[in-house]
Amino acid sequence: MDAILNTAKSWLTDFFDADTKKEIETLIQTDTEELKDRFYKDMEFGTGGMRGIMGVGTNRINKYTLGKSTQGLGNYLNKVYAGKDIKVVIAYDCRHNSDTLAQTVAEVFSANGIKVYLFSELRTTPELSFAVRFLDCHAGIVLTASHNPPEYNGYKVYWTDGGQIVPPQDGEIISEINKLSFEDINFRADHSLIRRIDKQVDEAFINASVANGNFNAKGKDDFKIVFTSLHGTSITAIPEVLKRAGYQNVTIIEEQAKPDGDFPTVQSPNPEEPEALSIAIAKAEEIGADMVVGTDPDSDRLGIAVRNLEGTIELLNGNQTMILMTKFLLEQRRSKGFSGKEFIASTIVSTPMMNALATAYEVECKTALTGFKWIAKMIKDFPEQYFVGGGEESFGYMVGDFVRDKDAVTATLLACEIAANAKASGSSFYEDLIQCYVEYGFYREKLVSLTKKGMSGAEEIEQMMIDFKENPVAEIDGSKVIVIDDYNTSTSRNQATGEVRTISIPKSNVLIYTTEDGTRMAARPSGTEPKIKFYFSTNTTLENASDFKKVEAQLDAKLARILKELKLD
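Asker: Residue-level account of the pattern of salt bridges, with values.
Answerer: All told, the structure shown has 36 salt bridges when counted by the stated rule. We note a salt bridge from glutamate 392 to lysine 406, for which the minimum N-O separation is 3.7 Å. Residue glutamate 392 is located in strand β14 (residues 386-392), and its partner lysine 406 is located in the loop between β15 (396-399) and α14 (408-424); the two are separated by 14 residues in the primary sequence. Owing to a relative accessible area of 3%, glutamate 392 belongs among the buried residues under this scheme. In this structure lysine 406 comes out as buried when scored by relative accessible area, which is 8%. Each member of the salt-bridge network shares a partner with another, and the members are Glu23, Glu34, Asp37, Arg38 and Arg60.

In structure tokens form, the structure reads like this:
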């Protein structure tokens, strides 16, 4: 506690503003536990950059923690691109303080001689990724905490290719940041280096989204969409993209259309949660819409709900939408003739069905760690290959490579194209998905996410991972575990033979069990939230579409048994 107290007191110097010092003094006198949580560690970069609760302290998002990161990034840019006209683009979302924090970040860059393009109003994360290359920038920043609760904010860093930073840049930037004290931050802005941007980039991005997501589907005039931005940034792009692609029957949920960092109409602005889309789904049932689309605050994730076999609106998961989107893109590409260099991409915790799909189309499926920065890295590392599309289970998808992060704007259009075309052909999005299960195997997934807050929570998560590694599960639902992949040690062990092979992708704190019957369990701590996540996948054959409900019930029962067995139900 003495070290924590000393760190807190270091924020009482004249460098820090009066309000910050006053709040720290109050915490020292009245709330030891809160003081401890705010200062027991420094805010760190995770799979999506920095993300945390806003407030005073080293373990909070504020002008000083972001300022220090920006100063370190500025130092790195000036070192790597010495003598060049360095340019950075900055966007921000609807969250409290996002606009003022974005201004602070812009000012620190400018104070270090770096030219800044700053969006004049909130914009989507995919537009920021697009803007990095469109404006020929060396880096990009977006102020967002994605789908986290209202008290959170964050800071994602993008590199020259439009993808989030990956090795070696991330480690080198962190090293520069760690060399600094807060007093090293240069807040003396050069406003002549800060330029506001909006319409020119908007127009280019929207045109690119339409060009990449529009396949001239049949039946657009007869296709009804309900769209909700969940108080976030997608309201600035998706309605216009759908309009330009020819969709006229779009109902926007007006009470959720106004950007609002309190997210007043939802428990969580996360399209993975059925509750978040409940207002939109109710509206769809009322007006007889075909599809509901909802996006998270920075518009990189999308939730899609469509009519099921009973005719009611059902929210699909990220694995399901990813499969159908990828199959559609592969069909479009194949109709023009495969070059033999195509690839699709997914992540190690997403459905193995992506591999089955790739095998059927005779293309490569590259598998990466969690986070679209790794998929963006694939595109950069293999310029001779053609990236068709790819996604991950957490409701993210990327159509082509003009955006180098998950992109709910273009993916929304793609989903509408698939569904409108299916309806016009006498089928539906849902029925087309079932047909995929018949052709490639019926894969069923389940995610369990446990929240463990604060220092004690972090310790508990760490211990859970240690237990799963040191005391591995021998079987899951009666099926022997045959392979244990430990991405932290880059080893894949065959439990029957003892053979160990090396995993070639970068190290990460992920553990995956695979059983004889193809069931899989993955465990990983979240890189951006105080959570540990467990991903389950099981599969079987589906001989006929008519057997769908029966086989679905069998797989769901199996997943329920597994959760009970592992005490995760």
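Asker: Explain the sheet that holds strand β13 (residues 364-368) to me, using residue names and the numbers behind them.
Answerer: An order of β13-β12-β14-β15 is seen for the four strands of this open sheet, with the pairing classed as mixed. The open sheet is flanked by β13 and β15, the only strands paired with a single partner. Ignoring which end each strand starts from, the neighbouring axes of this sheet average 20° apart. Strand direction decides the pairing type here: strand β12 (residues 342-347) and β14, joined by four bridges, are parallel. Each bridged residue has a counterpart across the sheet, and for phenylalanine 343 the counterpart in β14 is phenylalanine 387. In the packing of helix α11 (residues 318-336) onto the sheet, the strands contacted are β12, β14 and β15, and the crossing angle to β14 comes to about 165°.

Asker: I'd love a proper account of the pairing of strand β5 (residues 152-158), names of residues and values included.
Answerer: Most of β5 is tucked away: seven of the seven residues are buried. Alignment of strand β1 (residues 50-53) against β5, held across four bridges, turns out to be antiparallel. Residue methionine 50 lies in a different strand from β5, and its bridge partner there is tyrosine 155.

Asker: Summarise the nonpolar core; cite the residues concerned and give the values.
Answerer: Within soluble globular proteins, side chains that are nonpolar tend to cluster in buried spots. Counting residues in hydrophobic clusters, the biggest one holds 66 residues, and the most contacted among them are Phe223, Tyr247, Met291, Met325, Tyr397, Leu414 and Phe429. For this core, the element with the highest residue contribution is α14, accounting for ten residues. Setting aside residues up to four positions removed in sequence, tyrosine 247 forms contacts with Ala217, Lys220, Phe223, Ile225, Leu242, Leu413, Cys416, Glu417 and Ala420. Listed in part, the 49 residues of the second largest apolar core include Met50, Phe109, Leu230 and Ala284.

Thresholds applied
- Residues numbered from 1 in each chain as written.
- Predicted model: local features only at pLDDT ≥ 70, side-chain atom pairs only at ≥ 80, totals over all residues.
- Heavy atoms only, no water.
- Salt bridge = Lys/Arg side-chain N within 4 Å of Asp/Glu carboxyl O.
- Helix = DSSP H or I, 4+ residues; strand = E, 2+ residues; numbered from the N terminus.
- Buried < 20%, exposed > 50% of the residue type's maximum accessible area, 1.4 Å probe, protein only.
- Pairing = 2+ DSSP bridges.
- Axes fitted to C-alpha atoms, helices over the stretch in contact; angles between N-to-C directions.
- Contact = heavy atoms within 4.5 Å.
- Core = buried A, V, L, I, M, F, W, Y, C linked by side-chain atoms within 4.5 Å.

In short, geometric facts, not functional conclusions.
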